[in-house]
Amino acid sequence: MNVLLIEDDKRISEFIVKGLEENNFTVHLAETGEIARDLIQQEIWDIILMDIMLPGIDGIQLVKLMRFKKNHTPVLMLSALSDTDDKVNALDSGADDYLVKPFHFKELISRVNALTRRTKFNYDKVEILYTLGSLTINPEEHKVTENNNLIDLSPREYKLLLFLLENRNKVMPRTQILNAVWGINYDNNTNVVDVYISYLRNKIEQNHKFIHTIKGTGYMLKEEL
């Protein structure tokens, strides 16, 4: 993990660097806000540990500058300022967490791991996209596009399309589709799957054929070559 530590107190910085390196972190130290600003712009960091009271640009100014420039690297403020207003000011300025000095090193490691874990989870979640030819589903936004044109689907149509797209190029029997999209207690004799397949076709197949009927079995989603 690549960590940027911004701290002007040599005694504190040596303690933090030594502890982080013993826990297999790669640490780079910046002793002023100006040096830190340049490093933030030049490198990609997994997390930034930042003192508030820095020579030159202080920690509050620095984190505000980061967020203004759309830099969302997690920031953990490390400060001797323990007043509630100081914490609120730092968090409202864009910091993700706040740890008061002096602190137990185990707590620092725990906060670092929690912040980087949360950031990775959010990043992964946003980046998931299902695509098939010109058809795309963004599960995070519940958004479906075909040739970059937004398609308006009902919640059930969306769930059906997502299921088929997750199983693209596979034959999906009607009973399996019914169980996955409507639930295992739904009447197996209903033709609701066929009805909703028809709805989907009318909405997503304006330019290409995606849903193929497998006679006597069910349906398969694949791009027509």
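The rules behind each value
Per chain, residue numbering runs from 1 following the sequence as it is written. With pLDDT at 70 or above as the cut-off, local features in this predicted model cover only qualifying residues; side-chain atom pairs require 80 or more to be listed or tallied, and sums for whole chains, interfaces and linings still use all residues. Based on all heavy atoms of the structure, the side-chain values leave hydrogens and waters out of the count. Any Phe, Tyr or Trp ring, taking Trp's six-membered ring, that has another such ring centre within 6.5 Å forms a pair; planes under 30 degrees apart are called stacked, those over 60 apart edge-to-face, and the others tilted. Think of it this way: any DSSP run of H or I at least four residues long counts as a helix, any run of E at least two long counts as a strand, and we number them from the N terminus. Buried, partly exposed and exposed residues are distinguished by accessible area as a fraction of the type maximum, computed with a 1.4 Å probe on protein chains only: under 20%, between the cut-offs, and over 50%, respectively. Picture the helix axis, draw a direction to every C-beta atom, and the arc is the one those directions span. For this analysis, residues touch if any pair of their heavy atoms sits within 4.5 Å. Here a polar contact is recorded for every N or O atom pair within 3.5 Å, except that within protein the pair must consist of a potential hydrogen donor and a potential acceptor, and residues adjacent in sequence are included only if both atoms are side-chain atoms. Definition of nonpolar core: a set of buried residues of the types Ala, Val, Leu, Ile, Met, Phe, Trp, Tyr and Cys, connected through side-chain atoms within 4.5 Å. DSSP-based pairing: two strands are paired if at least 2 bridges between them are found. As annotated, the domain borders come from an automatic or database domain assignment. By convention in these notes, a salt bridge is any Lys or Arg side-chain nitrogen within 4 Å of a carboxyl oxygen on Asp or Glu. Only the stretch in contact is used when fitting a helix axis, every axis being a line fitted to C-alpha atoms; angles between N-to-C directions are given from 0 to 180 degrees. The labels follow the angle: roughly parallel below 35 degrees, roughly antiparallel above 145, roughly perpendicular from 65 to 115, and oblique for the rest. When residues are grouped by polarity, Ala, Val, Leu, Ile, Met, Phe, Trp, Tyr, Cys and Pro land in nonpolar, Asp, Glu, Lys and Arg in charged, and all others, Gly among them, in polar.

**Digging into the packing of aromatic side chains**
Taken as a whole and assessed by the stated rule, the structure comprises three aromatic pairs. Ring geometry for Phe 15 and Phe 105: centres 5.5 Å apart, planes at 80°, overall edge-to-face. Taken together, the residues span a long stretch of sequence, with Phe 15 in helix α1 (residues 10-22) and Phe 105 in helix α5 (residues 105-127) at a distance of 90 residues. Ring geometry for Trp 182 versus Tyr 196: centroids 5.4 Å apart, planes at 70°, classification edge-to-face. Placement of Trp 182 in the loop between α7 (174-181) and α8 (192-204) and of Tyr 196 in helix α8 is noted, with a sequence separation of 14 residues between them. Put simply, the rings of Trp 182, Tyr 196 and Tyr 199 touch in pairs and so form one group of aromatic residues.

**A closer look at helix α3 (residues 59-68)**
Each α-helix turn comprises 3.6 residues. Residues three or four places apart therefore point the same way. Looking at α3, one finds that the buried residues are Gly 59, Ile 60, Leu 62, Val 63, Met 66 and Arg 67. Considered in projection along α3, the buried side chains sweep an arc of 165° and stay on one side of the axis. Along its buried surface, α3 packs onto β1 (2-6), α2 (33-42), β3 (47-51), β4 (75-79) and α4 (84-93). The N-terminus of α3 is capped by Asp 58, whose side-chain oxygen sits 3.1 Å from the backbone nitrogen of Ile 60. Looking at the residues trailing α3, positive phi occurs at Lys 70, about 65°.

**What to know about the nonpolar core**
The biggest cluster of nonpolar side chains holds 27 residues, and the ones touching the most others in it are Leu 161 and Ile 177. Elements with a minimum of two residues in this core: β7 (135-138), α6 (155-166), α7, α8 and β12 (218-221). In terms of residues, this core owes the most to one element, α6, which gives seven residues. In this structure Ile 177 touches Leu 160, Phe 163, Leu 164, Met 172, Trp 182, Val 193 and Tyr 219, once residues within four positions along its chain are discounted.

**Describing the pairing of strand β11 (residues 211-214)**
Pairing of β11 with β12 involves four bridges; the strand directions are antiparallel. Considered in β12, the bridge of Ile 214 is made with Gly 218. What sits between β11 and β12 in their antiparallel hairpin is a turn of three residues, with Gly 216 showing a positive phi close to 80°.

**Some details on unusual backbone geometry**
Here the bond from Lys 101 into Pro 102 is cis, since omega is -10°, no more than 30 degrees from zero. With respect to the element layout, Pro 102 can be found in the loop between β5 (97-100) and α5. Even without glycine at this site, Asn 147 takes up a positive phi of about 55°. Following the sequence through the fold, Asn 147 ends up in the loop between β8 (143-146) and β9 (149-151). Relative accessible area serves as the criterion here: at 38%, Asn 147 is assigned to the partly exposed category.

**A word on the domain arrangement of the chain**
Split by domain assignment, the chain resolves into domain 1 (2-121) and domain 2 (130-221). For domain 1 and domain 2, the distance between their C-alpha centres works out to 46 Å.

**Focus: the pattern of salt bridges**
Enumeration over the complete set of coordinates arrives at nine salt bridges. Note that Asp 38 is salt-bridged to Arg 37, the shortest N-O span being 3.6 Å. Residue Asp 194 pairs with Arg 174 through a salt bridge whose shortest N-O separation is 2.8 Å. Residue Asp 194 is located in helix α8, and its partner Arg 174 is located in helix α7; the two are separated by 20 residues in the primary sequence. Given the relative accessible area of 27%, Asp 194 is considered partly exposed. Residue Arg 174 is classed as partly exposed on the basis of its relative accessible area, which comes to 28%. Three or more residues are tied together by salt bridges with common partners; here these are Glu 7, Asp 51 and Lys 101.

**A word on the packing of α6 against α8**
Where α6 contacts α8, the axes come no closer than 10 Å and their chain directions differ by 85°. Taken together, the axis directions place α6 and α8 in an arrangement best described as roughly perpendicular. Seen from α6, the contacting residues are Arg 156, Glu 157, Leu 160, Leu 161 and Leu 164; seen from α8, they are Tyr 196, Ile 197, Tyr 199, Leu 200, Lys 203 and Ile 204. For the contact of α6 with α8, the per-class residue count stands at eight nonpolar, no polar and three charged.

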